[in-house]
Amino acid sequence: MSALQRHVVVAGAGIGGLTAAVALHRRGWRVTVCERAPGPTAVGAGIVLAPNALRAFDAIGFDVTSAVGRAVPAAMGLRRSDGRWLNRADTAAVTARYGGPPLAVHRSALAGALAAALPEDTIRYGVAVTSVDGADGSPVVRTSAGDLGGAGLVLAADGIHSPLRRRYFPDHPGLRYSGETAWRTVLPSVVSPAESLTAETWGRGERFGVVPLADGRIYVYATAVAPEGYRPADVRTELLRRYGSWHDPIPALLERIDPAAVLQHDLHDLAAPLPRFHHGRLAWLGDAAHAMTPNLGQGGCQAIEDAVVLAHLLDGAGGGDVPAALAAYSAARCARTDAIRVRARRAGRIAALTHPLAVAVRDLAVRATPARAAHRAMDDLFAGFTVPGGTDTVPVDVRTRW
């Protein structure tokens, strides 16, 4: 393949786009990443890297634990608003079943570590990809800073509102509002033993999560059933009204929140699956391809899987084989990611129940579920993805059974 054909332009410097950039750079591709934001930002939230995402990083030789550190919570689980545990999962059992526990990190720390693994000047901040022409042959990438010619491959990692998805799939229904809005922030450090436990608490149409991060900070998030576009006048007052009477350490955490550092986003997913994740020499990944609600914690993890599978299938592809490799990528990823998108939607509906009787039945069902059954329910997510690291074997077990 010529040097021209071995040039990839990545639209978007999110976790999926940067993972793809690192994976392809390590396979000899020249990489250009275009990011519309003016620069890297420390503002953001946490991300939990599940065992499947950690295996994917291992497959491309990216040592995420060395880059961002490791903190393993003693327990994970679900609670009621009065503090009663609905279920708990010891990390030792998770490690024994899946080869390692999840790793919770700040998104900006992970993005920074991925960016540091790329050559200097690979990422062009303040440059938005506006369109891609000629994707069937020789793609021309048009950006806010001018045209980029000579790309043998273009990756659309341009997020949930992907302009490239809208352009190439004009008849797709787009996004669907889940009925919930979410608040997220990161607090400076753990100050009590209760804050060191990873847990999500369910109420009636409301949830609150506490996740210690690898660097010692705490990621907290909350969701609530609300009209689309709902924005309270005072975030702290709103959160205290909704969650201030819940169990410890939630009230204390709310008192420590900086309202200016709280992110609020309505939760959306794709209303329907895309028919494919490629068009000629253009491929979609992450939220641009399969936006899903965060109820299973798999949005970022699936973007990482996308990037690793894509790079694996492109490895060694000749100039004329790139479209075939992208078609294989679609075949490998569409079924798995859509099954997880649908499952996340269903999980969100259960968690967001508001009727007292329905909530009581839900909580009883969660409490009555044996730990072994709960683990089996996660097997397809955590163990259903394998990329043989350091081999030329095509990824196996890339589809999910539901």
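Residues numbered from 1 in each chain as written. Predicted model: local features only at pLDDT ≥ 70, side-chain atom pairs only at ≥ 80, totals over all residues. Heavy atoms only, no water.

Taking an unreviewed UniProt entry as the reference, the chain is identified by name as FAD-dependent monooxygenase belonging to Streptomyces caledonius.

Undergrad: Which residues make up the overall build of the chain, and what are the values?
TA: Tallying secondary structure elements over the chain gives 13 helices and 18 strands in all. In summary, the chain has a C-alpha radius of gyration of 21 Å against a globular reference of 21 Å for 402 residues, a match within 12%. C-alpha atoms of the chain, sized along the principal axes, occupy 65 × 45 × 40 Å. Here the chain, with 402 residues, has 53% of them falling under the buried criterion. Across the chain, the fraction of contacts at a sequence separation of at least 24, relative to all contacts at a separation of at least 6, is 73%. A gap of 5 Å separates the mean positions of the 43 positive and 36 negative side-chain charges of the chain. (Helix = DSSP H or I, 4+ residues; strand = E, 2+ residues; numbered from the N terminus. Rg over C-alpha atoms; globule rule 2.2 N^0.38 Å. Buried < 20%, exposed > 50% of the residue type's maximum accessible area, 1.4 Å probe, protein only. Contact = heavy atoms within 4.5 Å. Lys, Arg positive; Asp, Glu negative; His and termini not counted. Charge placed at Lys NZ, Arg CZ, Asp CG, Glu CD.)

Undergrad: Any chance you could break down the sheet that holds strand β10 (residues 146-148) for me, citing the residues and the numbers?
TA: In space, the three strands of this open sheet follow the order β8-β9-β10, with antiparallel pairing throughout. In this open sheet, the two strands that pair with only one neighbour each are β8 (129-133) and β10. Between one strand axis and the next, the sheet turns through 25° on average, direction left out of account. As judged from the four bridges shared by β8 and strand β9 (residues 140-143), these two strands associate in the antiparallel manner. Pairing of Val129 across the sheet is with Thr143, part of β9. (Pairing = 2+ DSSP bridges. Axes fitted to C-alpha atoms, helices over the stretch in contact; angles between N-to-C directions.)

Undergrad: Describe the sheet that holds strand β17 (residues 278-279), naming the residues involved and giving the relevant values.
TA: One open sheet accounts for six strands, arranged β7-β2-β1-β11-β18-β17; its pairing is mixed. Across the chains shown, the open sheet's two edge strands, defined by having one partner strand only, are β7 (123-125) and β17. With three bridges joining them, strand β2 (residues 30-35) and β7 adopt parallel strand pairing. Following the sheet pairing, Val33 is matched in β7 by Ile123.

Undergrad: Please set out helix α10 (residues 299-314) residue by residue, giving values where relevant.
TA: When the terminal C-alpha atoms of α10 are compared, their 23 Å separation across 16 residues agrees well with the 22 Å that a helix rising 1.5 Å per residue should span. Among the 16 residues in α10, 16 count as buried, and that is most of the element. (Expected span 1.5 Å × (residues − 1).)

Undergrad: Now, about the packing of helix α2 (residues 51-59) against α10: what can you tell me, with residues and values included?
TA: If you want to describe how two helices pack, look at the angle between their axes and the distance between the axes. Close contact between α2 and α10 brings their axes to 9 Å; oriented N to C, the two are set at 30°. One element, α2, and the other, α10, form an angle in the roughly parallel class. Where α2 crosses over α10, the handedness of that crossing is left-handed. Of the residues in α10, those touching α2 at Asn52, Ala53, Ala56, Phe57 and Ala59 are Cys301, Gln302, Ile304, Glu305 and Val308. Of the residues that constitute the contact of α2 with α10, the class distribution is seven nonpolar, two polar and one charged. (Parallel < 35°, antiparallel > 145°, perpendicular 65-115°, else oblique. Left-handed = near helix turned anticlockwise from the far one by under 90°. Nonpolar A, V, L, I, M, F, W, Y, C, P; charged D, E, K, R; others polar.)

Undergrad: Kindly report on the nonpolar core, identifying the contributing residues and their values.
TA: In this structure, Leu49, Leu110 and Leu155 are the most contacted members of the largest nonpolar core, which totals 86 residues. The biggest single contributor to this core is α10, with nine residues. Among residues more than four places away in sequence, those in contact with Leu49 are Leu54, Phe57, Val64, Pro102, Leu103, Val105, Leu110, Cys301 and Ile304. In terms of nonpolar packing, the next biggest core, distinct from the first, is built from 17 residues, Ala222, Ile250, Leu253 and Leu254 among them. (Core = buried A, V, L, I, M, F, W, Y, C linked by side-chain atoms within 4.5 Å.)

Undergrad: Residues and numbers for the pairing of strand β12 (residues 175-187), please.
TA: Pairing of β12 with strand β16 (residues 263-270) involves seven bridges; the strand directions are antiparallel. Across the sheet, Thr181 pairs through a bridge with Asp266, a residue of β16. Two strands pair when backbone bridges link them, and β12 and strand β15 (residues 218-225) are joined in this way by eight bridges, in the antiparallel orientation. Across the sheet, residue Arg184 finds its bridge partner in β15, namely Tyr221.

Undergrad: Any chance you could break down the pattern of salt bridges for me, citing the residues and the numbers?
TA: All chains considered together, the criterion is met by 21 salt bridges. Close ionic contact of Glu180 with Arg207 constitutes a salt bridge, the shortest N to O distance being 2.8 Å. Residue Glu180 is found in strand β12, and its partner Arg207 is found in strand β14 (residues 206-212); the two are separated by 27 residues along the sequence. Each of the two residues, Glu180 as well as Arg207, counts as buried. The closest approach of N and O atoms between Arg333 and Glu305, which form a salt bridge, is 2.8 Å. Pair noted here: Arg333 is in helix α11 (residues 322-351) and Glu305 is in helix α10, with a separation of 28 residues, a long-range link. Among the residues examined, Arg333 registers a relative accessible area of 0% and is labelled buried. Here the salt bridges share partners, and the residues they tie into one network are Asp133, Arg142, Asp147 and Arg167. (Salt bridge = Lys/Arg side-chain N within 4 Å of Asp/Glu carboxyl O.)

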